[in-house]
Amino acid sequence: ETDDAINKTITIQYRDNELVFVPDSKKVSVNGKIIELDVSPTIVNQRTFLPLRFVSENLGAKVDWDGKTQTITITFPAPQ
């Protein structure tokens, strides 16, 4: 993950995927395609908060939620 303070963008690259966020904007670039988010990324006290499920799934991971234990499990496929 990189935080480009000059251009105000956050870029995440993983394998063949690239996500580019702009803080306080609901639009994100996923491999060059613009998608609208439910919530915008934000920066609070120099920390960047991104929608976890969106990031994980768009990087190829499976996301599971267990309401009973209130546990999120993120599983990435094994490298090929």
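Before reading further, recall that the structure is shown in the block above.
Everything in this summary refers to the structure shown in the same document.

About the criteria used
Note that residues are indexed from 1 along each chain, following the sequence as it is written. Reporting in this predicted model follows two pLDDT cut-offs: at least 70 for local features of residues, and 80 or more for side-chain atom pairs to be given and counted; totals over whole chains, interfaces and linings ignore these cut-offs and use all residues. By convention in this description, side-chain values take in all heavy atoms of the structure and omit both hydrogens and water. Every case where a carboxyl oxygen of Asp or Glu lies within 4 Å of a side-chain nitrogen of Lys or Arg is listed as a salt bridge. Each helix corresponds to a stretch of at least 4 residues labelled H or I by DSSP, and each strand to a stretch of at least 2 residues labelled E; elements are numbered beginning at the N terminus. For every residue, the accessible area obtained with a 1.4 Å probe (protein chains only) is divided by the maximum for its type, and the residue is called buried under 20%, exposed over 50%, and partly exposed between those limits. Whether two strands pair depends on DSSP finding at least two bridges between them.

1. Points about the pattern of salt bridges
Scanning the model with the defined rule gives two salt bridges in all. Its salt-bridge partner being Glu57, residue Arg53 comes within 3.0 Å of it at the nearest N-O pair. Here Arg53 pairs with Glu57, and both are found in helix H1 (residues 52–58), just four residues apart, close to one helical turn. Across the pair Lys62 and Asp64 runs a salt bridge, and its minimum N-O distance is 3.6 Å. Owing to a relative accessible area of 32%, Asp64 belongs among the partly exposed residues under this scheme.

2. So, the pairing of strand S3 (residues 17–21)
Here S3 shows a clear split, with Asn17, Leu19 and Phe21 buried on one side and none of Glu18 and Val20 buried on the other. Inspection of the sheet shows strand S2 (residues 9–14) paired to S3 by five bridges, in the antiparallel sense. What sits directly across from Ile12, in S3, is Leu19. By the bridge criterion, three bridges tie S3 to strand S4 (residues 27–30) in an arrangement that is antiparallel. By the bridge assignment for S4, Phe21 is matched with Val28. Between S3 and the antiparallel strand that follows it, S4, lie five residues; Asp24 among them carries a positive phi value of about 65°.

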